[in-house]
Amino acid sequence: MTTGPVAAPLTLACVCAAVVYTVGATRLRRRGDAWPWRRDCVFAAGCAAVVWGLAGPVPGGPFTAHTGRHLLTAMAGPALLAVARPLTLVLRLLPPGRPRRGLLRVAHSPAVGGLLFPPVAAAVDVGGLWLLYRTDLWEAAHRHALLGGLLELHMLLAGLLFAMAVCRLDPVRGRCGLPLRAVTLLAAGAAHAVLAKSLYLSGPPATAFAAADLRAGAQLMYYGGDAVEVFLALVLAVQWYAATGRRRARQAARDAVPAGAH
């Protein structure tokens, strides 16, 4: 990640999104709808992580600082934003009518369903990282500010796409079971770890980082990526626990009905 020309607009967009989310959640509660405060906190933390990654100070050498920005903007921030269920909030705020129906049509469209199919989202997210770090794309992005800015935007959107595909908390097209999402998360985590290990040995093509900076950045990418993936795994574990509880409750209700009661 570089502080390219889209950093300022994205930072402003994140701040505005946090304000709009808070106002929308407050409006829901005032009209008597349930919306947990923890989601407000999670969304604000996600926006703060993205803003920090885009514009905040990140310690370390050039590559280590870049890795820290990547983790904040493309991994930790999107994961927190996805868990806050922003699409669900918008749909609950919109009254019945054309805007709400239009948003639902987009969310349930084949294109969105294809992008949010977990293996596809993982390929877009992790594949983009491999292209950035294992081709001349890194060097080109630092020579051309616009390309660097577009890569910033891609990393943020790809990270959000992957987090939403794995968590599956908002109402979108397609029903992807927990096994597929869990396997996809494991595979993406393995690909990210292999990339970090490869960077420990050699930096991106056409770059000359100090050995200590390269090793520190690669280690941060490895362990920081693990931390975000554990967070997403915990989200899946909570979903599995809740689904198991509902199945057992339904089974208990059926078992409690006396034979011949119907």
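Just above sits the structure.
Residues numbered from 1 in each chain as written. Predicted model: local features only at pLDDT ≥ 70, side-chain atom pairs only at ≥ 80, totals over all residues. Heavy atoms only, no water.

Colleague: An account of the packing of aromatic side chains is needed here, citing residue identities and associated values.
Modeller: The description of an aromatic ring pair uses the distance of the two centres, along with the angle that the planes make with each other. Considering all chains together, one arrives at eight aromatic pairs under this definition. With a centroid separation of 5.6 Å and an interplanar angle of 85°, the aromatic rings of W138 and F209 are classed as edge-to-face. With W138 in helix 8 (residues 137–143) and F209 in the loop between helix 10 (178–201) and helix 11 (211–256), this pair connects stretches of sequence that are 71 residues apart. With a relative accessible area of 5%, W138 lands in the buried category. Seen from their ring centres, Y222 and Y223 are 5.0 Å apart, and the 80° between their planes marks the pair as edge-to-face. Joined through ring pairs, the aromatic side chains of F63, Y133, W138 and F209 make up one cluster. Stacked on the ring of W37, the Lys or Arg R29 has its end atom at 3.7 Å from the ring centre. Between R39 and the ring centre of W35, over which it is positioned, the NZ or CZ distance is 4.5 Å. (Phe/Tyr/Trp six-rings, centres within 6.5 Å; stacked < 30°, edge-to-face > 60°. Helix = DSSP H or I, 4+ residues; strand = E, 2+ residues; numbered from the N terminus. Buried < 20%, exposed > 50% of the residue type's maximum accessible area, 1.4 Å probe, protein only. Lys NZ or Arg CZ within 6 Å of the ring centre and 35° of its normal.)

Colleague: Outline the nonpolar core, listing residues and values.
Modeller: Where a protein is soluble and globular, its nonpolar side chains tend to be buried together. Membership of the largest hydrophobic core comes to 17 residues, with the highest contact counts inside it found for Y21, W35, F43, C47, V50 and L89. The element that contributes the greatest number of residues to this core is helix 1 (residues 7–30), accounting for six residues. In this structure, A122, F162, L185 and V228 belong to the second largest nonpolar core, which totals 16 residues. (Core = buried A, V, L, I, M, F, W, Y, C linked by side-chain atoms within 4.5 Å.)

Colleague: Pulling in residues and values, what's your account of the state of the cysteines?
Modeller: Tallied over the full model, the rule gives zero disulfides. Not part of a disulfide, C14 finds its nearest cysteine sulfur in C47, a span of 5.2 Å. The exposure class assigned to C47 is buried, which follows from its relative accessible area of 5%. (Disulfide = S-S within 2.5 Å.)

Colleague: Describe the side chain of T64, listing the residues and the values that go with them.
Modeller: Mapped onto the secondary structure, T64 falls in helix 3 (residues 62–83). Accessibility expressed as a relative area gives 12% for T64, which makes it buried. If we skip the residues at most four places from it in the chain, T64 touches P59, D213, A216, G217 and L220. (Contact = heavy atoms within 4.5 Å.)

Colleague: So what's going on with unusual backbone geometry? Which residues, and what values?
Modeller: Phi angles above zero are rare outside glycine, and R85 is one such case at about 55°. Here R85 shows up in the loop between helix 3 and helix 4 (86–93). The phi torsion at A206 lies on the positive side, around 65°, for a residue other than glycine. Within the secondary structure layout, A206 lies in the loop between helix 10 and helix 11. For A206, a relative accessible area of 61% corresponds to the exposed category.

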